[in-house]
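Take a look at the letters that make up each chain.
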Amino acid sequence: MAVSNQSIAGRAHFRCTSVLFREGCSFHDQLIEALRPVEDPELRRSIVDLGMVRHAELDDHGVVDVLIALTVAGCPLRNEITNRVQAALAPLPGVTRVALDFTVMTDQEREAVREMVHGSPGDTAGHGQAHGHAEGRTVPFADAGSKTRPLLISSGKGGVGKSSVTVNLAVALAQQGHSVGIVDADIYGFSIPRMLGADRDPVVIDGMLVPPESHGVRCISIGYFVPEGQAVIWRGPMLHKALEQFLTDVYWDEPDFLLIDMPPGTGDIALSLSQYLPRAEVYVVTTPQPAAQKVAALSAAMAAKVNLPVKAVIENMSWFTGDDGKRYEIFGSGGGQELADQLGVPLLGKLPLVPELREGGDDGVPITVAEPDSEAAQLFHEMARRIAVEFRSKKVFNAALKIG
Ligand SMILES: Nc1ncnc2c1ncn2[C@@H]1O[C@H](COP(=O)(O)OP(=O)(O)OP(=O)(O)O)[C@@H](O)[C@H]1O
Ligand SMILES: [Mg+2]
């Protein structure tokens, strides 16, 4: 059963007794209007529309009593909600204090919230067949009308900096005002939660996973679901299923960009993703040693196998600037351009080898956050700008227009 915003919000009880609020509209309306712009920090919807405001009353001493129903007990962002409600109500005329109390939604109420923000469970989470993109669950990013650009960050071989590039590009895009998510598709060697500093587990609301956010970027990773130190030993079908859940059960809320940190090589995961994300763009990361034939061939083979367009090459670890101010090309030079030429795509940029980039990854504070004015951070920004503008599809999608 679909539950409208109205009916959820309608369950809340608002009352106000102060004379200070009597001018113009009713107390009820004034309190509601003051609370309406307050968004739940996880779901990014009005707490009024979500039915979280259960009670609001202003007494004769100017104290507003507010009762907020959290979606889950122990909600990690409870303090943030408190701050937001305080900030919305404290400036109202006649208010001397905001007294905030919390309760927790029932299962039924959570179900209603989930339906409101993420649709029917039958279309998405844990129900029905897991079966590619055509039957069973719908991957929203496969839809021609989707505004999200999925960016697959891949490479021909491991250890070239895919995850570092993914995290910093994502942060740079977010800093430029885009909404951004990361799917850590490296199921066996996940690293995104640590690199992004997103160490809080996803919140689960009626089977829907709300991804944690760090530095303005949301992410999901198998790292949140396996006990620390334990290896993932899944095979094909399980990998497929995990990726499907990352794309369907997670509340991404239509980001502008969804970056996919690919595992090294060209395995099952690339194949599954190409099925789920037929509109994805591939960006290949490489190091600068004159491209071994093999690496170029692998990247090209991956793209051909999954039938997705390679958009550009990113060269990483291109030079190191010594204390003497000179640039040393430790891993040689020209590999990025050579690979780009072989694939017939532009070289999007070259990144230096800097200890701060590795440290940022280890500490969960990417260099784009820790040292935004550094050369490396500026280069990430330049690449992010080019991806957002130059590589944008020229096609105009209109979801309302259906031909045939
Ligand atoms: N430009 C750079 N300067 C300094 N260190 C870097 C740079 N790029 C990556 N690194 C470091 O190199 C190591 C490998 O990088 P990263 O994990 O991003 O590569 P990857 O391609 O994702 O590896 P894998 O194939 O194992 O997933 C990490 O320790 C990372 O911090
Ligand atoms: Mg990696």
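Reference entry: report on the structure contained in this document. A quick note: this is a predicted structure, and the numbers were derived from the prediction, not measured. (Residues numbered from 1 in each chain as written. Chains lettered and ligands numbered in written order. Predicted model: local features only at pLDDT ≥ 70, side-chain atom pairs only at ≥ 80, totals over all residues. Heavy atoms only, no water.)

With respect to the side chain of T166
Here is step 1: Mapped onto the elements, T166 comes out in helix α5 (residues 162-175).
Here is step 2: At a separation of 2.7 Å, a polar atom in the side chain of T166 contacts the main-chain carbonyl oxygen of K162. (Helix = DSSP H or I, 4+ residues; strand = E, 2+ residues; numbered from the N terminus. Polar contact = N/O pair within 3.5 Å; in protein donor to acceptor, adjacent residues only side chain to side chain.)

A look at the site of ligand 1
Here is step 1: Surrounding ligand 1, one finds 17 residues, the nearest of these being G159, K162, S163, S164 and N316.
Here is step 2: One of the side-chain nitrogen or oxygen atoms of S163 is found 2.8 Å away from an oxygen atom of ligand 1.
Here is step 3: Within the side chain of D186, an N or O atom sits 3.4 Å from an oxygen atom of ligand 1.
Here is step 4: Contributing elements (two or more residues each) for the shell around ligand 1: α5 and α11 (355-363). (Near = heavy atom within 4 Å.)

Some thoughts on unusual backbone geometry
Here is step 1: The backbone of D253 sits at a positive phi, close to 60°, despite the residue not being glycine.
Here is step 2: On the accessibility criterion, D253 (29% relative accessible area) is partly exposed.
Here is step 3: Not every positive phi belongs to a glycine, and M317 is a case in point at roughly 65°.
Here is step 4: Positionally, M317 belongs in the loop between β13 (310-315) and β14 (320-321). (Buried < 20%, exposed > 50% of the residue type's maximum accessible area, 1.4 Å probe, protein only.)

Description of α5
Here is step 1: With 14 residues, α5 extends 20 Å between its outermost C-alpha atoms, agreeing within 8% with the 20 Å of an ideal straight helix rising 1.5 Å per residue.
Here is step 2: Counted residue by residue, α5 has 13 buried out of 14 residues, so it is predominantly covered.
Here is step 3: Just beyond α5, the residue with positive phi is G177, at close to 100°. (Expected span 1.5 Å × (residues − 1).)

Observations regarding the sheet that holds strand β12 (residues 281-286)
Here is step 1: Sheet architecture is open: 8 strands sit in the order β9-β10-β6-β11-β5-β12-β13-β16, paired in mixed fashion. The open sheet has two edge strands with one neighbour each: β9 (213-214) and β16 (347-350).
Here is step 2: Here strand β6 (residues 180-184) runs beside strand β10 (residues 217-220); their pairing, made up of 4 bridges, is parallel. In the strand pairing of β10, G181 is matched with R218. (Pairing = 2+ DSSP bridges.)

Concerning the packing of helix α7 (residues 236-248) against helix α8 (residues 268-276)
Here is step 1: Interaxial distance between α7 and α8 falls to 10 Å at its minimum, and their mutual angle equals 40°. Classified by the angle their axes make, α7 and α8 are oblique. Regarding α7 and α8, the two cross each other, and that crossing is right-handed. In this structure, α7 uses G236, L239, H240, L243, E244 and L247 to contact α8, whose residues at the interface are D268, I269, S272, L273, Q275 and Y276.
Here is step 2: Considering only residue class, the contact of α7 with α8 consists of 6 nonpolar, 4 polar and 2 charged. (Axes fitted to C-alpha atoms, helices over the stretch in contact; angles between N-to-C directions. Parallel < 35°, antiparallel > 145°, perpendicular 65-115°, else oblique. Left-handed = near helix turned anticlockwise from the far one by under 90°. Contact = heavy atoms within 4.5 Å. Nonpolar A, V, L, I, M, F, W, Y, C, P; charged D, E, K, R; others polar.)

As for the pattern of salt bridges
Here is step 1: For the coordinates displayed, the defined rule picks out 17 salt bridges.
Here is step 2: Residue D49 is joined to R36 by a salt bridge in which the shortest nitrogen-to-oxygen separation is 3.1 Å. Here the residue D49 occupies a position in the loop between α2 (27-35) and β2 (53-58), and R36 occupies one in the loop between α2 and β2, the gap between them amounting to 13 residues.
Here is step 3: Overall, R36 belongs to the partly exposed group, its relative accessible area being 33%. (Salt bridge = Lys/Arg side-chain N within 4 Å of Asp/Glu carboxyl O.)

Nothing here speaks to function; it is all geometry.
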